[in-house]
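Structural overview for review
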Amino acid sequence: MKVRYHYQLLLLALSFFTRVPVRLPDEISPNMLHQASRYFGVIGLFIGVVSAAIYYLAAMLFPIPISVLLAMATSVLLTGAFHEDGWADVWDGFGGGWSIEQKLIIMKDSRIGTYGGAALIFIILLKFYSLVALSSLFSVISALILAHTLSRVVATSLIFTMHYVQEDAASKVKPLAQHLSKNGVLVLVLTGVVVGLFLLTWQTFFALTLCLVITRQLLSFWFNRQLGGYTGDCLGAAQQFTEVVIYLFLLGYGSNI
């Protein structure tokens, strides 16, 4: 019964973060969605593996830049640009609003503004050129899996310590706006550790972990400074930012992955 329940939580996490059709239980409680957040790192691993597989197959036929674009497009299609939307909304809200209320209103607007559009262009270009620069086939595959997994671990971990400020009861992330349990955090962190140590040497993974801890603190400071907490869009922005940080770290650190 417990195994079946956690399997349902995993499917729930998959349906929340991706467009993959899954058969869910007839009745889903907000508490189930909250508990499913522990598996968001696993969903990141799934997205990373699928994107890496598309890159691997494409690289047999096409140049590296085209293969990278196809891998990036795969992750966007899988998630429905869920995180990219959050990234753009955060920049529109933080750039265009003066008060917290104004920022939240702008972030809920379905239209994209100048700040969001520019930020989206920059983040996509950074991803593309970083992955192309990781020119060896194994490096790109490892980077995709690593970044998609760990970026979601970092983003989801913000729920554990930050305050949820969005008052819209219809918000998709509202059921997640509870502090993660210790068991939930443990599963989340272990997912990242297992994937990281599988793909990197322990020295490189240790250095990357320090980098991600600093990144998480900067994101937390930024969101608290702007809103006094986080929203669902902030979690999406955190994932996008952390994904790029990981790519840049792998380039700058010169790790032998």
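None of the values given here were measured: they were computed from a predicted structure.

**Looking at the overall build of the protein**
- Each helix and strand in the protein was counted, giving 11 helices and zero strands.
- A total of 257 residues make up the protein; the buried ones form 49% of that total.
- Taking as baseline every contact in the protein between residues at least 6 positions apart, the subset at least 24 positions apart corresponds to 76%.
- Split by element, the accessible area of the protein, about 12,700 Å² in all, is 68% carbon and sulfur.

**Considering the pattern of salt bridges**
- Within this structure, the stated rule accounts for three salt bridges.
- Note that K127 is salt-bridged to E243, the shortest N-O span being 3.7 Å. Placement of K127 in helix 7 (residues 114-133) and of E243 in helix 11 (residues 232-253) is noted, with a sequence separation of 116 residues between them.
- In this structure E243 comes out as buried when scored by relative accessible area, which is 3%.
- Among the ionic contacts, a cluster of salt bridges with common partners joins E84, K127 and E243.

**What to know about the packing of aromatic side chains**
- Tallied over the full model, the rule gives eight aromatic pairs.
- Taken together, the ring pairs in this structure connect W87, W91, F94, W222 and F223 into an aromatic cluster.

**Describing the side chain of S157**
- For S157, the location among the structural elements is in helix 8 (residues 137-161).
- When its relative accessible area of 16% is taken as the criterion, S157 is described as buried.
- Dropping the residues within four chain positions of it, S157 is found in contact with L188 and R216.

**Section: the side chain of Q239**
- Structurally, Q239 is set in helix 11.
- In contact with Q239, other than residues within four places in its own chain, are H83, S151, R152 and A155.

**With respect to the layout of surface pockets**
- Volume-wise, the second largest pocket comes out at about 330 Å³.
- The wall of the second largest pocket is formed by 16 residues, among which V153, V154, V189, T209 and V213 lie closest to the centre.
- For the lining of the second largest pocket, the elements supplying multiple residues, two or more each, are helix 8, helix 9 (182-199) and helix 10 (202-227).
- Looking at the lining of the second largest pocket, the element that brings in the most residues is helix 10, giving six residues.
- By residue class, the composition of the lining of the second largest pocket is 11 nonpolar, four polar and one charged.

**Describing a nonpolar patch on the surface**
- Judged by side-chain polarity, I54, Y56, L57, M60, L61, F62, I66 and L70 come together as a nonpolar surface patch covering roughly 760 Å² of accessible area.
- Sorting the residues of the nonpolar patch by element identifies helix 3 (40-59) and helix 4 (64-79) as the ones contributing at least two each.
- Turning to its location among the elements, I54 is positioned in helix 3.

**A few points about the environment of Y115**
- Note on placement: Y115 falls in helix 7.
- Separated by 27 residues in the primary sequence, Y115 and A88 place their C-alpha atoms 7.4 Å from one another.
- Discounting chain neighbours no more than four positions away, the residues touching Y115 are W91, D92, G95 and G96.

**So, the confidence of the model for the protein**
- Looking at the protein as a whole, the pLDDT averages 86, with 88% of positions reaching at least 70.
- For the protein, helix 2 (residues 30-36) is the element with the lowest average pLDDT, namely 70, and helix 4 is the one with the highest, namely 96.

**Comments concerning empty space enclosed by the protein**
- Scanning the entire structure with this criterion turns up one cavity of 30 Å³ or more.
- Taken as a whole, the largest cavity encloses approximately 40 Å³ of empty space.
- Around the largest cavity, the lining residues are S75, V76, T79, H83, E84, K127, H148, R152, Q239, Q240 and E243.
- The set of elements that each furnish at least two residues to the lining of the largest cavity consists of helix 4, helix 5 (82-96), helix 8 and helix 11.
- Split into classes, the residues belonging to the lining of the largest cavity amount to one nonpolar, six polar and four charged.

Calculation criteria
Residues numbered from 1 in each chain as written. Predicted model: local features only at pLDDT ≥ 70, side-chain atom pairs only at ≥ 80, totals over all residues. Heavy atoms only, no water. Helix = DSSP H or I, 4+ residues; strand = E, 2+ residues; numbered from the N terminus. Buried < 20%, exposed > 50% of the residue type's maximum accessible area, 1.4 Å probe, protein only. Contact = heavy atoms within 4.5 Å. Areas by Shrake-Rupley, 256 points an atom, 1.4 Å probe, with all protein chains shown as cover. Salt bridge = Lys/Arg side-chain N within 4 Å of Asp/Glu carboxyl O. Phe/Tyr/Trp six-rings, centres within 6.5 Å; stacked < 30°, edge-to-face > 60°. 1 Å grid on protein atoms, 1.4 Å probe; cavity = no way out; pocket = protein on both sides within 12 Å on 5 of 7 lines; lining within 4 Å. Points joined across faces, edges and corners; volume = space filled by probe spheres on them. Nonpolar A, V, L, I, M, F, W, Y, C, P; charged D, E, K, R; others polar. Patch = residues over 30% accessible without salt bridge, like charges linked within 9 Å, V, L, I, M, F, W, Y side chains within 5 Å. pLDDT = per-residue confidence, 0-100.

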